[in-house]
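A closer look at the structure
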There are 2 protein chains.
Amino acid sequence: MSEFMSTQIQLVSRPTGWPTHENFRTVAVAHDALRPGQVRVRNEFVSVDPYMRGRMNDVRSYVAPFALGETIPGGAIGRVVESAAEGVPVGAVVLHQHGWSDTVQDDASTFRVVPDVPGVPLSLRLHVLGMTGLTAYVGLTAIAGMREGDTVFVSGAAGAVGTAAGQIAKLLGAKRVIGSAGSPEKVALLTEKYGYDAAFNYKDGDVRAQLAEAAPDGIDVYFDNVGGDHLEAALDAFNDGGRAALCGAIAVYNTTGKTPGPDNMANIITRGLTLQGFTLGAYLHLAPEFQERMTAWFAAGEISYDETIADGIENTVDAFLDMMRGANTGKMLVRV
Amino acid sequence: MSEFMSTQIQLVSRPTGWPTHENFRTVAVAHDALRPGQVRVRNEFVSVDPYMRGRMNDVRSYVAPFALGETIPGGAIGRVVESAAEGVPVGAVVLHQHGWSDTVQDDASTFRVVPDVPGVPLSLRLHVLGMTGLTAYVGLTAIAGMREGDTVFVSGAAGAVGTAAGQIAKLLGAKRVIGSAGSPEKVALLTEKYGYDAAFNYKDGDVRAQLAEAAPDGIDVYFDNVGGDHLEAALDAFNDGGRAALCGAIAVYNTTGKTPGPDNMANIITRGLTLQGFTLGAYLHLAPEFQERMTAWFAAGEISYDETIADGIENTVDAFLDMMRGANTGKMLVRV
């Protein structure tokens, strides 16, 4: 059996503030001979996601922090190139969480075979048809309890979760969907491609004022990918009984020290608001329901998406940093 | 029919920061002759409550602000002294929302007759057996979804709602109940009289550190009467899936300008927390359920209470200010 080399990105130190290349190293690993029950997979796409920044810290969280000196785990999709496992043949498309690596070898049970459907690019399994879409769906339904006729505000709306959330909200019957993004091009995309009824560039001025203008009748649901001034603006814009799904806080992921929270927390009481944070792990039971609905929407041509793709596993750290800075539109991916 | 005089407290200007006597005036009003369907009531107790501070501001809220130049409405209990209404005889005990006044005259429909049970002081209908107890019950059950075995933290625990909340939490099966209060005497009461398992004086030092020490295994439910540093401490102490019922924010009611929120909002996401604000208006349908359970607990001798009583309607403003400063233990009332 010939040697099977793998290029992998590992975390070697914990970032303070913005991560730098010094926090990572690229290593070449020679895999052992394939053992019974194992498969070898050549990745086609590797995912970089905002939540990964949190796992680079050594703090108590819903999942353990990334281990130092080990390959960064995360979503990826590839094809089986060699198999010693029944039911997972060479050529099969597999999703997995082995992360930032061009190739991977492990027990077949750590991979999930997904159908290779003509007209459905593999990369979509890492976003609109995968965890990203599920995140948007869970946030709107199980967390924020979105109802037909609601006005919905999505921050970070041009990102992977945000583009999915806006479309799902409209498909679920939202009366009005408002999005924020960080460039005029993204803002234009939101209304022209993603069905947002209104959008604004948060860099153009006060988020509170811009949201108030975009939502003259207030908002009922807020899908938060950003935190900070966006959450504060939402707390001001909420109608009575408003509900926020707190999914991400990219505004503060790379800050050091303490970040003051919203200055209008009292609105939570006086307007009877609910703020609920979530991470996907506790809601995976909703995946079948999501897959059924999303597959139908996608087949009906109701789902648009964008991908921002970096080429080469060696560019994964840059892709991650670009994504944290908002350089992506839609899903940020690394093509291996 | 002789003239029926009433001494009433009215709001004449909106306070900025702490209210002062200049924001109020005391007026003597002569009632008209009793009309058919009306009753005249001599109040025995008038309630002063933290939520009233919010209604003194002219801001959008779940209820309209108090009108300037009108008598401040609020909970009170008294006896009918003259009646032109069927079914509401002289001597009947009535609860009502006519507020800060020694006597009141209005349609019988604006009063609710309550039983005058031997051994049940009338004042209790304004707290443990009334809105205050219901607030504690609703916050723990409908809002925070308290479950048997939960560890519960109550801030402002020696106040009217707090003393009720601690006892109800234990009766509902809390494993451990922790309270904060503002004096050594109150802290002692919490553990000696109200069944709290641990208590601390928030003036003794950092709330975060004191709560962490009192709750070595974290907290599952937080009943917030205080806001500010207490909410921040709770966000640090929460176990995954923790739930906060935000009932009051006495720490910030009298601040002017903006008050920064908790510096650890990201915990809401990473620990999957839920913060839900509430005011009682939307939960009055739970009153019968509460009355049934609370009456049984009370009859079984399971419910302790304290009252801090000011004498004379002319002292209502001082009673209100004392309550805002935390001078009360248990329910603050004015005896007319």
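Residues numbered from 1 in each chain as written. Chains lettered and ligands numbered in written order. Predicted model: local features only at pLDDT ≥ 70, side-chain atom pairs only at ≥ 80, totals over all residues. Heavy atoms only, no water.

Here we look at the packing of helix H2 (residues 131-143) of chain B against helix H3 (residues 160-171) of chain B
All names here are of chain B. Relative orientation of the contacting elements H2 and H3 amounts to 50°, with a least axis distance of 8 Å. As the angle between them shows, H2 and H3 are arranged oblique. At the point where H2 passes H3, the crossing takes the right-handed sense. On the side of H2, the interface is formed by Thr-132, Gly-133, Thr-135, Ala-136, Tyr-137 and Leu-140, while H3 contributes Ala-160, Val-161, Ala-164, Ala-165, Ile-168 and Ala-169. Per-class residue counts for the contact of H2 with H3 are 9 nonpolar, 3 polar and no charged. (Axes fitted to C-alpha atoms, helices over the stretch in contact; angles between N-to-C directions. Helix = DSSP H or I, 4+ residues; strand = E, 2+ residues; numbered from the N terminus. Parallel < 35°, antiparallel > 145°, perpendicular 65-115°, else oblique. Left-handed = near helix turned anticlockwise from the far one by under 90°. Contact = heavy atoms within 4.5 Å. Nonpolar A, V, L, I, M, F, W, Y, C, P; charged D, E, K, R; others polar.)

Quick look at the interface of chain A and chain B
Interface size, as often reported, equals the accessible area lost upon joining of the parts. In this assembly, 32 residues from chain A lie in contact with 32 residues from chain B. At the boundary of chain A with chain B, total buried surface from both sides reaches about 2500 Å², with 55% on carbon and sulfur atoms. For the pair chain A and chain B, the interface holds 0 salt bridges. Here chain A and chain B share 6 residue pairs in polar contact (both at pLDDT 80 or more) between them. Of all the secondary-structure elements, those providing two or more residues to the side of chain A that touches chain B are helix H6 (228-237), strand E12 (238-246), helix H7 (266-270) and strand E13 (274-277) of chain A. In the side of chain A that touches chain B, the residues fall into 14 nonpolar, 11 polar and 7 charged. Bridge analysis of E13(A) against strand E14 (residues 274-277) of chain B gives 3 bridges, and the strand direction is antiparallel. Residue pairing in the sheet places Thr274(A) in a bridge with Gln276(B) of E14(B). (Buried area = accessible area lost by both parts, 1.4 Å probe. Salt bridge = Lys/Arg side-chain N within 4 Å of Asp/Glu carboxyl O. Polar contact = N/O pair within 3.5 Å; in protein donor to acceptor, adjacent residues only side chain to side chain. Pairing = 2+ DSSP bridges.)

Remarks on the sheet that holds strand E10 (residues 176-181) of chain B
As summarised here, the arrangement of the 12 strands in space is E10(A)-E9(A)-E8(A)-E11(A)-E12(A)-E13(A)-E14(B)-E13(B)-E12(B)-E9(B)-E10(B)-E11(B), forming an open sheet in which the pairing is mixed. Two strands lie at the open edges of the sheet, namely strand E10 (198-201) of chain A together with strand E11 (198-201) of chain B, each paired on one side alone. On average, adjacent strands in this sheet sit at an angle of 15° to one another, irrespective of strand direction. On the sheet, helix H3 (residues 160-171) of chain A packs against strand E8 (151-154), strand E9 (176-181) and strand E11 (219-224) of chain A and is oriented at approximately 175° with respect to E8(A).

What to know about the nonpolar core
Within the largest apolar cluster, 48 residues are counted, with the highest numbers of intra-cluster contacts made by Leu211(A), Ile219(A), Leu275(A), Ile178(B), Leu211(B), Ile219(B) and Leu275(B). When sequence neighbours within four positions are dropped, the list of residues in contact with Leu211(B) reads Phe153(B), Ile178(B), Phe200(B), Ile219(B), Ala233(B), Ala234(B) and Ala237(B). (Core = buried A, V, L, I, M, F, W, Y, C linked by side-chain atoms within 4.5 Å. Buried < 20%, exposed > 50% of the residue type's maximum accessible area, 1.4 Å probe, protein only.)

Some points on the relation of the copies chain A and chain B
The two copies are related by a screw operation: chain A maps onto chain B through 180° of rotation and 0.0 Å of translation along the axis, at an RMSD of 0.0 Å. Considering both components of the superposition, the chain copies are consistent with a two-fold axis. When C-alpha positions in chain A are compared against the rotation axis, the closest is assigned to Gly261(A), at 1.9 Å. Mapped onto chain B, 100% of the interface residues of chain A are again interface residues, and the two copies thus contact each other with one and the same surface. (Least-squares fit on C-alpha atoms with pLDDT ≥ 70 in both.)

Quick word on the domain arrangement of chain A
Residues and elements named next belong to chain A. What the domain assignment lists for chain A is domain 1 (4-126 + 306-335) and domain 2 (131-281). On a C-alpha basis, the centres of domain 1 and domain 2 stand 28 Å from each other. Listed by partner, the interface residues are 18 residues for domain 1 and 15 residues for domain 2. Across the interface of domain 1 and domain 2, roughly 1300 Å² is buried in total on both sides, 52% from carbon and sulfur atoms. The interface formed by domain 1 and domain 2 includes 1 salt bridge. Asp-306 is the salt-bridge partner of Lys-193, the closest N and O atoms lying 3.1 Å from each other. Here the side of domain 1 that touches domain 2 is composed, by residue class, of 8 nonpolar, 6 polar and 4 charged. (Domains from an automatic or database assignment.)

Considerations on the side chain of Arg40(A)
All names here are of chain A. Here Arg-40 lies in strand E3 (residues 38-47). At a separation of 2.8 Å, a polar atom in the side chain of Arg-40 contacts the main-chain carbonyl oxygen of Asp-32. There is a polar contact of 2.6 Å between the side chain of Arg-40 and the side chain of Gln-105.

Considering the sheet that holds strand E4 (residues 70-71) of chain B
Residues and elements named next belong to chain B. Spatial ordering of the open sheet is given by E2-E1-E4, a layout of 3 strands whose pairing is antiparallel. Since the sheet does not close on itself, it has two edges, and those belong to strand E2 (24-31) and E4, each with one partner. Both strand E1 (residues 4-11) and E4 contribute to a ladder of 2 bridges, which runs antiparallel. For Leu-11, the partnering residue across the bridge sits in E4 and is Glu-70.

What to know about the packing of aromatic side chains
Counted by the stated rule, this structure contains 14 aromatic pairs over all chains. The interplanar angle of 85° and the centroid separation of 6.3 Å between the aromatic rings of Phe278(A) and Tyr283(A) together place this pair among those described as edge-to-face. Classification of Phe278(A) as buried rests on a relative accessible area of 3%. Residue Tyr283(A) is classed as buried on the basis of its relative accessible area, which comes to 18%. Residues Phe24(B) and Trp100(B) carry aromatic rings whose centres are separated by 6.3 Å and whose planes lie at 35° to one another, so their mutual orientation is tilted. Here Trp100(B) lies in the loop between strand E6 (93-96) and strand E7 (103-107) and Phe24(B) lies in strand E2, a separation of 76 residues in the sequence. Across the pair, Trp100(B) and Phe24(B) agree in class, each one buried. The structure contains a cluster of three or more aromatic residues connected by ring pairs, namely Phe24(A), Trp100(A) and Phe320(A). Directly above the aromatic system of Trp18(A) lies the positively charged group of Arg325(A), at a separation of 5.7 Å from the ring centroid. (Phe/Tyr/Trp six-rings, centres within 6.5 Å; stacked < 30°, edge-to-face > 60°. Lys NZ or Arg CZ within 6 Å of the ring centre and 35° of its normal.)

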